[in-house]
Amino acid sequence: MNITKLYAGLATVAVLAGLAGPAAAAEAETPTFTRDVAPIFQAKCEACHRADSIAPMSLVTYQEARPWARSIRERVSTRQMPPWHIDRTVGIAEFKNDRSLTDAEIDTVVRWVDGGAPQGDPADLPPAREWPDASKWYFAERFGGPPDLIVRSAPFTMPAEANDAWWKPQSETGLTEPRWVRAIELRPATVAGRRITHHAIARLEQEETDPLLRNANATDDDDPLNNSGLFMEWAVGKQGELMRPGSGKLMLPGSRIIWDVHYSAAGEEITDHVELGIYFYPRDEEPDHRQVLHLMGATGGGALDIPPHSVTVTEGFFPLRRAARIESYQPHMHLRGKAMSMEAILPTGRVRTLSHVGDFNFNWHNAYVYADDAAPLLPRGTVIKVTAWHDNTAANRANPDPNVWVGYGDRTVDEMAHAWVNVTYFTDDDYEAELEKRAAGTDDN
């Protein structure tokens, strides 16, 4: 055999393969919208990016998504979207409501855009996802009907042009007996109302029967709100709250709801009210463990004092008077908010980092709900430490004015520093039993 001719032939084959291979491989490897990207959008984006929802554009169809391809790439690759600001490298990383994209999903979207954002075969498109009617209660199908109790705020009319307003009426619950709550929804009553409602808080006022469950940073034992305190919040990014099996919130006879609704002008006069939908446990299925939503302020009981051109750190400490399971964590700050962490200082002195939000964004109010087998179980005597960072410098792109001093206040240009923390309390014996179930991998929550 002529070795020279053999090498020449192999070289020719290699050249031809080199010419055809990359093109064929690129065509085969480039993701398409119908096969690869649409399932990601359905799972992680359509909750907001669909008709008549809160996002500025729909991503349901290829025709709707294609014009935004470059913007989608930028937001996805930098993890600005979907909004999920927990640091995945610190503390607990498993959540029941995690809407962040995996590294593989981000890679798919980026390669789709870089490959020309092809549509693909329409036959590959998954069936359209059916979303709940916004006029209906989110948990109604799960529980076989509307909420057992609906509490409504008094109506409020927001002028077309006006400064922000905080509406704080009160509503009686009408309860004549204790009832255990298994799910809660809170929402503006109308679609128009969502345009003016920045957020809405429902506080539960009642004569508390258990002094150990008073609000975590209370200073006045005679204030009923120090006991029951927070109940539910609605904001962009939050839908409702579902209690884990075996736990619930307790509403007592004669209780009432104290509202705190933040309204902003929308360019036209709008009248709306807020609705609180409550689903009760059946009377013969009362839970064993009580859950309380605590507001844990990160200011050490003092006021915020944020000088111009500075990054300020504040912290707060909250003892657990009983053993507990931490159900969820939600940082709350305003435009200078930079980061917030939650740590557990155990009775042994060991410090355990639970969660850290390192890229806080005031436009989104994410409640990070821990997965069933990851929700931290903490013994009585644990101290929860909440640390907040505020960036009042020009480097903070959200900062309206780095030249001014900033203190505590309700306005968006003022500041806050607290975490909403859902806590389920246990007896010491029940706590030990929960630890054993977790270790055995039989956690049935």
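Bear in mind the structure is a predicted one, so any value in this text is a computation, not a measurement. In this convention, every chain numbers its residues from 1, walking through the sequence in written order. Confidence filtering applies because this is a predicted model: local features only for residues at pLDDT of at least 70, side-chain atom pairs given and counted only at 80 or more, and all residues used for totals across whole chains, interfaces and linings. Water and hydrogen atoms play no part in the side-chain values, which are based on all heavy atoms of the structure.

Here we take up the overall build of the protein. In terms of regular secondary structure, the protein is built from eight helices and 23 strands. For the protein, the share of sequence-separated contacts (at least 6 apart) that also reach a separation of at least 24 residues comes to 81%. Accessible area for the protein stands at about 21,500 Å²; split by element, carbon and sulfur atoms hold 52% of it. The numbering of helices and of strands both runs from the N terminus, where a helix is a DSSP run of H or I of at least 4 residues and a strand a run of E of at least 2. We call two residues in contact when some of their heavy atoms are within 4.5 Å. The accessible surface values rely on the Shrake-Rupley method and a 1.4 Å probe; as for residues, cover is taken only from the protein chains in view.

To continue, consider the sheet that holds strand β17 (residues 337–345). The pairing criterion for strands is at least two bridges between them, as found by DSSP. On the basis of which strands lie adjacent, the open sheet formed by four strands has the order β15-β21-β17-β18 and antiparallel pairing. Looking along the sheet, the strands with just one partner apiece sit at the ends: β15 (310–319) and β18 (351–357). Here the average twist between neighbouring strands, direction ignored, is 20°. With eight bridges joining them, β17 and strand β21 (residues 383–392) adopt antiparallel strand pairing. Opposite Ala339, over in β21, you have Trp389 as the bridge partner. Inter-axis angles, ranging from 0 to 180 degrees, are taken between N-to-C directions of lines fitted to C-alpha atoms, where helices are fitted over the stretch in contact.

It is worth spelling out the side chain of Thr173 at this point. Tracing the backbone shows Thr173 in the loop between β4 (170–172) and β5 (179–188). N or O atoms closer than or at 3.5 Å make up a polar contact, with two conditions inside protein: a donor-capable atom paired with an acceptor-capable one, and, for residues adjacent in sequence, both atoms drawn from side chains. Among the polar contacts listed, one links the side chain of Thr173 to the backbone oxygen of Ser255, at a separation of 2.8 Å.

A word on the packing of aromatic side chains. In this scheme Phe, Tyr and Trp rings, the latter by its six-membered ring, pair at centre separations within 6.5 Å, and the angle between planes marks the pair as stacked below 30 degrees, edge-to-face above 60, and tilted otherwise. Tallying each qualifying case throughout the model produces 13 aromatic pairs. Ring geometry for Trp84 against Phe95: centres 5.6 Å apart, planes inclined by 80°, an arrangement best described as edge-to-face. Of the two residues, Trp84 sits in the loop between α4 (69–77) and α5 (103–114) while Phe95 sits in the loop between α4 and α5, which places them 11 residues apart along the sequence. In this structure Trp84 comes out as buried when scored by relative accessible area, which is 8%. Using a relative accessible area of 9% as the deciding quantity, one classes Phe95 as buried. For the pair Trp84 and Tyr368, a centre-to-centre distance of 4.6 Å together with 75° between the ring planes defines the contact as edge-to-face. Pair noted here: Trp84 is in the loop between α4 and α5 and Tyr368 is in strand β19 (residues 368–369), with a separation of 284 residues, a long-range link. Partly exposed describes any residue whose relative accessible area lies between the buried limit of under 20% and the exposed limit of over 50%, with all areas from a 1.4 Å probe on protein chains only and scaled to the type maximum.

Once that is clear, we can look at the pairing of strand β9 (residues 247–251). Most of β9 is tucked away: five of the five residues are buried. Bridge count for β5 against β9 is three bridges, and the pairing is antiparallel. Across the sheet, Arg179 pairs through a bridge with Met251, a residue of β9.

What follows deals with the packing of α4 against α5. Their axes nearest at 9 Å, the elements α4 and α5 cross at an angle of 150°. By the criterion of interaxial angle, the relationship of α4 to α5 is roughly antiparallel. Of the two elements, α4 crosses α5, and the hand of that crossing is left-handed. Contacts between α4 and α5 involve Ala69, Arg70, Ile72, Arg73, Val76 and Ser77 from the first element and Ile106, Val109, Val110, Val113 and Asp114 from the second. We call two directions roughly parallel when the angle between them is under 35 degrees, roughly antiparallel when it is over 145, roughly perpendicular when it lies between 65 and 115, and oblique otherwise. Crossing handedness is defined as follows: a turn of the near helix away from the far one that is anticlockwise and smaller than a right angle gives a left-handed crossing, while the clockwise case is right-handed.

The next subject is helix α2 (residues 33–44). All buried positions along α2 are accounted for by Phe33, Thr34, Val37, Ala38, Ile40, Phe41, Gln42 and Lys44. Looking at the buried side of α2, the elements it contacts are α3 (62–65), α4 and α5. Where α2 begins, the side chain of Thr32 points an oxygen toward the backbone nitrogen of Arg35, at a separation of 3.2 Å.

Moving on to unusual backbone geometry. With omega at -10°, the peptide bond leading from Met81 into Pro82 counts as cis. The phi torsion at Ala117 lies on the positive side, around 55°, for a residue other than glycine. By the element assignment, Ala117 lies in the loop between α5 and α6 (140–143). The class of Ala117 is buried, set by a relative accessible area of 1%. Of note in this structure, His309 is not a glycine but carries a positive phi near 55°. Along the chain, His309 falls in the loop between β14 (305–306) and β15.

For this analysis, a nonpolar core means a set of buried residues of the types Ala, Val, Leu, Ile, Met, Phe, Trp, Tyr and Cys, connected via side-chain atoms within 4.5 Å. Formed by 37 residues in total, the largest nonpolar core has its most connected members in Tyr329, Met342, Tyr370, Leu378, Ile384, Val386 and Val423. Counting residues per element, the ones that place at least two in this core are β13 (289–297), β16 (323–332), β17, β18, β21 and β23 (418–426). Among the elements that make up this core, the one with the highest residue count is β23 (four residues). Those residues in contact with Tyr329 that sit more than four places away from it in its chain are Ile86, Met340, Ser341, Met342, Ser355, Val357, Asn366, Ala367, Tyr368, Tyr370, Ala419 and Trp420. Judged by nonpolar contacts, the second largest core, of 31 residues, contains Trp259, Tyr263, Ile270 and Phe280.

Taken residue by residue, a regular strand's side chains alternate between the two faces of the sheet. Burial of strand β7 (residues 230–235) is extensive: six of the six residues sit out of reach of the surface. Note that strand β6 (residues 197–205) and β7 share five bridges and pair antiparallel. Pairing of Ile201 across the sheet is with Glu233, part of β7.

Each residue after the first adds 1.5 Å to the expected span of a helix. With 12 residues, α5 extends 16 Å between its outermost C-alpha atoms, agreeing within 8% with the 16 Å of an ideal straight helix rising 1.5 Å per residue. Buried residues in α5 make contact with α2, α3 and α4.

Here we take up the pattern of salt bridges. The term salt bridge refers to a side-chain nitrogen of Lys or Arg lying within 4 Å of a carboxyl oxygen of Asp or Glu. Scanning the model with the defined rule gives 24 salt bridges in all. Note that Asp260 and Arg203 form a salt bridge whose closest N and O atoms lie 3.4 Å from each other. With Asp260 in strand β10 (residues 256–263) and Arg203 in strand β6, this pair connects stretches of sequence that are 57 residues apart. A relative accessible area of 9% places Asp260 in the buried class. Residue Arg203 is classed as partly exposed on the basis of its relative accessible area, which comes to 23%. A salt bridge links Lys385 to Glu315; its shortest N-O distance comes to 3.6 Å. Separated by 70 residues along the polypeptide, Lys385 in strand β21 and Glu315 in strand β15 bring together distant segments of the chain. For Glu315, a relative accessible area of 34% corresponds to the partly exposed category.

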